[in-house]
Amino acid sequence: MPPRISLFSLARSIPYRTKPQAQWSVQPLVRAPQQCRTFADSKDSTTAKQTDANAQPLPHITEESAKTAKIMGEKGPDISQGTPVEEVVKGDKEMQDKLPKVMQDALKSKNSQSPPKGSRSYSTTAMMTEGGDMGLADMSQSTVVPAAPGAKFPLPSLPLPQGSHVKHRYDGIVEQVTNLIMRHGEKSVAQRNMALILQHLRTSPIPTINPNRPLLPGAPPPSHLPLNPVLYLTLAIDSVAPLLRIRNMKGAAGGGVALQIPVPLGQRQRRRTAVEWILASASRKKNRSTYAQKVAEELVAVVEGRSSVWDRRNAIHKQAVAARANIVLPRKR
Amino acid sequence: MPPSSSLRGVTQLLRETVQPSFACRRLGEVQQTAYLSTSAPRFASVPKKKGLTAAPKKGTKTLNVKKGRKQSGGDTGKKPAVGERKAMRKAVVLSNNNALEVSSLKNLDNENVLDAEIAGKVYGIPDDAIDALRAVDAFKPKQGWKLFRRPAVVVRKEAMQLAQLIKEVESGSEGAKKTVRRIITGERMSGKSTLVLQGLLMAHLRNWVVINLPEAQDLVNAHTEYAPLQGSQPMQYTQDTYTANLLSQILKANKQIADLPVTKEHSLPQPLPPKATLRSLIDIGVATPESSWSVFAALWEELTQPGRPPIMFAIDGLAHIMRNSEYLSADVKPIHAFDLTIVRQFVDYLSGAKSLPNGGIIFAATSGSNSPTVDALNFSLQCAAARQFAPEKMPRWNPYTNLDMRVMEALKDVDTLPLKGLTKEEARALMEYYAESGMLRAKVDDGLVGERWALAGMGNIGELERTTVRMRV
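For the structure given in this document, a descriptive report is provided here. Just so you know, these numbers come straight off a predicted model, no measurement behind them.

Criteria and cut-off values
Residues numbered from 1 in each chain as written. Chains lettered and ligands numbered in written order. Predicted model: local features only at pLDDT ≥ 70, side-chain atom pairs only at ≥ 80, totals over all residues. Heavy atoms only, no water. Helix = DSSP H or I, 4+ residues; strand = E, 2+ residues; numbered from the N terminus. Buried < 20%, exposed > 50% of the residue type's maximum accessible area, 1.4 Å probe, protein only. Areas by Shrake-Rupley, 256 points an atom, 1.4 Å probe, with all protein chains shown as cover. Pairing = 2+ DSSP bridges. Contact = heavy atoms within 4.5 Å. Buried area = accessible area lost by both parts, 1.4 Å probe. Salt bridge = Lys/Arg side-chain N within 4 Å of Asp/Glu carboxyl O. Polar contact = N/O pair within 3.5 Å; in protein donor to acceptor, adjacent residues only side chain to side chain. Nonpolar A, V, L, I, M, F, W, Y, C, P; charged D, E, K, R; others polar. Axes fitted to C-alpha atoms, helices over the stretch in contact; angles between N-to-C directions. Core = buried A, V, L, I, M, F, W, Y, C linked by side-chain atoms within 4.5 Å. Phe/Tyr/Trp six-rings, centres within 6.5 Å; stacked < 30°, edge-to-face > 60°. Parallel < 35°, antiparallel > 145°, perpendicular 65-115°, else oblique. Expected span 1.5 Å × (residues − 1). Patch = residues over 30% accessible without salt bridge, like charges linked within 9 Å, V, L, I, M, F, W, Y side chains within 5 Å. Lys, Arg positive; Asp, Glu negative; His and termini not counted. Charge placed at Lys NZ, Arg CZ, Asp CG, Glu CD.

### Description of the overall build of chain A
Moving on, step 1. Within chain A, the secondary structure is distributed over 12 helices and 2 strands.
Moving on, step 2. Along chain A, from the amino end to the carboxyl end, the secondary structure elements read α-α-α-α-α-α-α-α-α-β-β-α-α-α.
Moving on, step 3. Looking at chain A as a whole, 29% of its 333 residues are labelled buried.
Moving on, step 4. As displayed, chain A has an accessible area near 23300 Å², and 57% of this comes from carbon and sulfur atoms.

Here it is as structure tokens:
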């Protein structure tokens with residue numbers, strides 16, 4: 001009698017994705033050094049080195065750090081003087097636990113002044129693909145091109161600085177948001193609204209950042225934001241932009257149930273999603289006069305962590321984390 | 001026949017015809033009994049079964065008011081109150097706390113305002129002058145004041161011409177002071193309203209009396225009440241609420257005249273207190289709008305007494321008062337704007353029919369964005385420009401246009417003050433101020449200045465602001 005549980009049918013119910021272009025491979029860039037020794041390797045090369053290093057007794061801690069600093073090319077501590085205990089235990093959790101209470105308290109109070117760590121439950125750091133530009137207009141001219149013979153003026157140096165081309169005179173994100181604001185193809189109205197939004201951002205008071213809703217890492221201090229409204233806008237949008245979306249694969253979970261598969265978004269897609277959320281929650285407001293003002297206030301609310309858009313983003317991320325088992329990575333060779 | 005049967009017939013009759021209360025009173029003693037009848041159950045409406053409604057007919061629309069159909073939630077904030085949005089639209093914001101303080105910015109004051117050395121630089125407006133200018137509505141909501149820390153103006157070439165005019169008026173000998181009349185012309189966004197503001201500012205700093213009609217349209221669009229002026233021939237009309245408001249603005253902006261004594265006898269509806277000052281005179285007009293015009297006339301008479309300061313009288317949006325107003329006379333004919341008392345007061349001095357004994361400037365600005373087409377005004381301005389700059393090329397009157405003769409007569413010999421673009425040096429000073437305020441994020445060098453100056457249509461100041469500071473290129 002054959003076994004009642006068929007292994008083939010079991011394997012068939014496991015979902016997997018067949019589209020090769022939608023897959024991505026997670027491979028570490030730097031391979032860990034080989035732990036195992038092949039037959040060709042000499043048997044005691046590493047151990048010999050270790051014994052050499054370990055043969056000497058450890059120097060005094062000040063001498064050690066001076067030696068380390070010398071290797072790193074920095075200025076180390078003065079060997080003639082002692083090293084303060086705080087410096088010695090810096091970054092060493094185990095040693096800090098063994099410090100006297102007074103010094104532990106002092107350390108703690110020092111740490112509490114630093115910005116609080118994020119309470120977000122997922123890592124949301126995104127790679128900047130545009131080289132950390134953050135929307136600052138580059139007004140500087142590039143190198144001067146030698147004059148063409150016979151011409152009155154020299155040729156312009158390429159690429160043209162931002163703002164010099166009539167069709168690309170606005171920042172990239174400003175252009176994208178303008179197009180998303182546009183209704184019925186009325187781009188000029190959208191541009192006017194965009195200008196009003198930026199003007200509102202630059203005249204509104206300095207935002208107070210909510211530590212529970214951390215903005216992008218590396219964000220400038222909030223006092224810098226109103227003076228650079230494009231950066232303000234970029235920061236608001238990129239901070240709430242979701243990293244993923246949930247793709248429902250119909251019937252893949254069996255029994256007509258859709259299988260949720262998290263799919264990463266590109267930068268432009270992420271921004272688009274965030275802007276659409278912001279615009280939707282702005283147009284639900286009743287209390288302000290103009291659309292531009294509503295959108296601008298929503299952007300300020302995003303930066304201050306008051307906006308409901310944050311919850312939406314967190315919900316998506318939570319769902320994506322829950323559904324991450326559904327991702328099928330390509331088989332490793 | 002038993003009596004009961006006849007009675008029964010009567011009750012039946014009464015039940016049908018008379019009111020039941022009446023029937024009860026008359027026939028209270030008659031015993032009411034139920035008679036055998038099958039009509040009641042026959043005509044009774046059939047009770048509906050619960051939860052069973054007939055399906056709607058095909059093609060008919062039904063009202064669907066299910067709960068949860070409409071999106072609940074969202075913002076529960078208050079809706080704007082009546083007039084709140086208009087107030088927001090008209091609000092004049094004069095400072096931006098985010099903008100950086102410009103350390104090199106000096107203030108205009110009584111001494112330096114007429115100096116030649118302030119030309120081409122940006123100067124701040126002192127606080128008391130800001131209050132005065134705000135009181136006379138010289139700041140407009142669409143101007144870019146809200147982007148900077150505090151209001152400042154660039155002293156352009158035309159402002160220096162204005163300063164020269166002020167000097168001329170002040171240097172006139174007692175009794176023979178000049179009355180200067182000018183109409184500011186120029187393209188849209190070339191800074192005409194701001195030049196009026198600068199004129200008012202200079203006059204205020206020189207302790208002149210400052211009177212401003214901030215928007216000529218408000219005088220003629222029939223939004224304020226009007227009344228015929230008794231004893232005027234031809235009929236004139238006063239605008240009492242507007243005049244009362246104007247009087248209160250004059251009092252707020254000109255603190256220096258408030259304590260001057262009233263020197264003449266005036267026929268006012270209310271008696272003046274003994275040893276009255278101009279403040280008490282104006283207060284009467286503010287408190288009782290019906291008497292505001294006679295108070296205004298009395299105030300004007302007081303201001304034109306010898307020894308009183310010169311007057312700066314300005315209006316913005318001149319074209320509106322150069323045609324018929326929206327008001328109607330008693331025989332339903334449109335009232336010409338010149339028949340409104342305040343407008344007539346202004347036009348008399350603008351046309352030169354009257355002159356100010358203590359000297360002064362009558363200053364009118366045309367508007368580029370809100371002005372009706374008035375052929376007579378346009379033709380007069382062309383003539384004035386030709387008279388000043390090219391007398392050999394006097395324009396000819398087009399006989400096919402309808403020219404208003406009253407306007408032609410009034411603007412016969414008024415000079416214009418044409419506003420052109422900024423020079424590159426002025427543009428550079430302005431852009432350096434923008435950059436120091438943190439509103440322009442670029443290095444201000446010759447390349448940038450030249451580029452933006454050209455983009456702004458050869459230094460049109462409004463366009464320059466738009467290409468450098470505003471986020472709309």
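### A short note on the overall build of chain B
Moving on, step 1. Helices and strands together make up the secondary structure of chain B, namely 17 helices and 12 strands.
Moving on, step 2. Here chain B, with 473 residues, has 46% of them falling under the buried criterion.
Moving on, step 3. A total of about 26300 Å² of accessible surface is found on chain B, and carbon and sulfur atoms cover 53% of it.

### Some remarks on the environment of N212 of chain A
Moving on, step 1. Within the secondary structure, N212 of chain A is located in the loop between α8 (187–203) and α9 (229–240).
Moving on, step 2. The exposed category is assigned to N212 of chain A, whose relative accessible area is 52%.

### Quick notes on the pairing of strand β5 (residues 209–213) of chain B
Residues and elements named next belong to chain B.
Moving on, step 1. Summarising burial for β5: 5 of the 5 residues are buried, a large majority.
Moving on, step 2. Both faces of β5 are covered, namely the face carrying V209, I211 and L213 and the face carrying V210 and N212.
Moving on, step 3. Taken together, the 5 bridges between β5 and strand β8 (residues 311–316) define a ladder with parallel strand orientation. Counterpart to N212 in the pairing with β8 is A314.

### Considerations on the interface of chain B and chain A
Moving on, step 1. With 27 residues of chain B in contact, the opposing surface of chain A contributes 25 residues.
Moving on, step 2. Buried area between chain B and chain A, summed over both chains or domains, comes out near 2300 Å², and the portion from carbon and sulfur atoms is 54%.
Moving on, step 3. For the pair chain B and chain A, the interface holds 0 salt bridges.
Moving on, step 4. One can count 5 residue pairs in polar contact (both at pLDDT 80 or more) joining chain B with chain A.
Moving on, step 5. Those elements giving two or more residues to the side of chain B that touches chain A turn out to be α4 (84–90) and α16 (446–455) of chain B.
Moving on, step 6. Of the residues in the side of chain B that touches chain A, the class split is 11 nonpolar, 7 polar and 9 charged.

### Structural notes on the sheet that holds strand β4 (residues 179–186) of chain B
All names here are of chain B.
Moving on, step 1. The parallel open sheet is built from 5 strands, whose spatial order is β5-β8-β11-β4-β12. Strands at the two margins of the open sheet, each flanked by one partner only, are β5 and β12 (415–419). Neighbour to neighbour, the strand axes of the sheet diverge by 20° on average, direction disregarded.
Moving on, step 2. Pairing analysis gives 6 bridges linking β8 to strand β11 (residues 360–365), with the strands arranged parallel. Bridging across to β11, A314 finds its partner in F363.

### Overview of the pattern of salt bridges
Residue and element names in this part refer to chain B.
Moving on, step 1. Scanning all chains against the criterion turns up 24 salt bridges over all chains.
Moving on, step 2. For R344, the salt bridge goes to D339, with nearest N and O atoms at 3.4 Å.
Moving on, step 3. The partly exposed category is assigned to R344, whose relative accessible area is 22%.
Moving on, step 4. Residue D339 is classed as buried on the basis of its relative accessible area of 12%.

### Some words on the nonpolar core
Residue and element names in this part refer to chain B.
Moving on, step 1. L219, I315, L318, I321, M322, F346 and L350 are the most contacted members of the largest nonpolar core, which totals 62 residues.
Moving on, step 2. Of the residues forming this core, the biggest block, 7 residues, is contributed by helix α11 (residues 292–303).
Moving on, step 3. Dropping the residues within four chain positions of it, M322 is found in contact with F338, V347, L350, V374, L377, D404, V407 and L411.
Moving on, step 4. Core analysis: the second largest hydrophobic core is formed by 45 residues, W145, A163, V210 and A253 among them.

### Observations regarding the packing of aromatic side chains
Residue and element names in this part refer to chain B.
Moving on, step 1. Enumeration over the complete set of coordinates arrives at 11 aromatic pairs over all chains.
Moving on, step 2. Seen in terms of ring centroids, Y226 and Y327 are 4.4 Å apart; in terms of plane orientation they differ by 45°. Their pairing is tilted. Remark: Y327 occurs in strand β9 (residues 324–328) and Y226 occurs in the loop between α8 (216–220) and β6 (227–228); sequence separation between them is 101 residues.
Moving on, step 3. When the ring of Y433 is compared with that of Y434, the centres are 6.4 Å apart and the planes differ by 45°; the resulting orientation is tilted. Across the pair, Y434 and Y433 agree in class, each one buried.
Moving on, step 4. Through a chain of ring-to-ring contacts, three or more aromatic side chains come together here, namely W293, F296, W300, F313, F346 and Y349.

### Side note on the packing of helix α15 (residues 424–436) of chain B against α16 of chain B
When two helices pack together, their arrangement is given by the angle between the helix axes and the distance between those axes.
Residues and elements named next belong to chain B.
Moving on, step 1. Closest axis-to-axis distance for the α15/α16 pair is 10 Å, and the angle between their directions is 110°. When the axes of α15 and α16 are compared, the pair comes out roughly perpendicular. Packed against α15, whose contacting residues are K424, A427, R428 and M431, the element α16 presents D446, L448, V449, G450, R452 and W453 at the interface.
Moving on, step 2. Per-class residue counts for the contact of α15 with α16 are 5 nonpolar, 1 polar and 4 charged.

### Some remarks on the sheet that holds strand β3 (residues 152–154) of chain B
Residues and elements named next belong to chain B.
Moving on, step 1. Reading across the sheet, the 3 strands line up as β1-β2-β3 and stay open at both edges, with mixed pairing between neighbours. The open sheet has two edge strands, β1 (106–107) and β3, and neither has a second partner.
Moving on, step 2. Bridge count between β1 and strand β2 (residues 122–124): 2 bridges; the pairing is parallel. The residue bridging K106 from the neighbouring strand is Y123, located in β2.

### Description of unusual backbone geometry
For residues other than glycine, phi is negative in most cases, and the peptide bonds are mostly trans.
Moving on, step 1. Cis peptide bonds are those with omega within 30 degrees of zero, and the linkage from L158 of chain A to P159 of chain A qualifies with -5°.
Moving on, step 2. Mapped onto the secondary structure, P159 of chain A falls in the loop between α6 (101–113) and α7 (172–181).
Moving on, step 3. Following Q233 of chain B, the chain continues into P234 of chain B via a peptide bond in cis, with omega recorded as -5°.
Moving on, step 4. Relative to the elements of secondary structure, P234 of chain B occurs in the loop between β6 and β7 (237–238).
Moving on, step 5. At V332 of chain B, a position not held by glycine, the phi torsion is positive, near 50°.
Moving on, step 6. Along the chain, V332 of chain B falls in the loop between β9 and β10 (334–336).

### Topic: α11 of chain B
Residue and element names in this part refer to chain B.
Moving on, step 1. Here α11 is 12 residues long and its end C-alpha atoms lie 16 Å apart, about the 16 Å a rise of 1.5 Å per residue gives.
Moving on, step 2. Among the 12 residues in α11, 9 count as buried, and that is most of the element.
Moving on, step 3. Among the residues of α11, S292, W293, V295, F296, A298, L299, W300, E302 and L303 are the ones counted as buried.
Moving on, step 4. Packed against the buried residues of α11 are β5, β7, α9 (240–253), α10 (278–287), β8 and α12 (341–351).

### Structural notes on a positive patch on the surface
Moving on, step 1. Judged by side-chain charge, R192 of chain A together with K86, R89, K90 and K142 of chain B come together as a positively charged surface patch.
Moving on, step 2. For the positive patch, the leading source of residues is α4 of chain B, giving 3 residues.
Moving on, step 3. Of note, R192 of chain A is situated in helix α8.
Moving on, step 4. Relative accessible area serves as the criterion here: at 45%, R192 of chain A is assigned to the partly exposed category.

### Regarding a negative patch on the surface
Moving on, step 1. Together, D109, E111, D115 and E117 of chain B give the surface a local cluster of negative charge.
Moving on, step 2. Checked against the element boundaries, D115 of chain B lands in the loop between β1 and β2.

### Points about a nonpolar patch on the surface
All names here are of chain B.
Moving on, step 1. Taken together, the side chains of Y226, L328 and V332 define a hydrophobic patch exposed on the protein surface, amounting to about 270 Å² of accessible area.
Moving on, step 2. Structurally, L328 can be placed in strand β9.
Moving on, step 3. By relative accessible area, L328 is classed as partly exposed at 40%.

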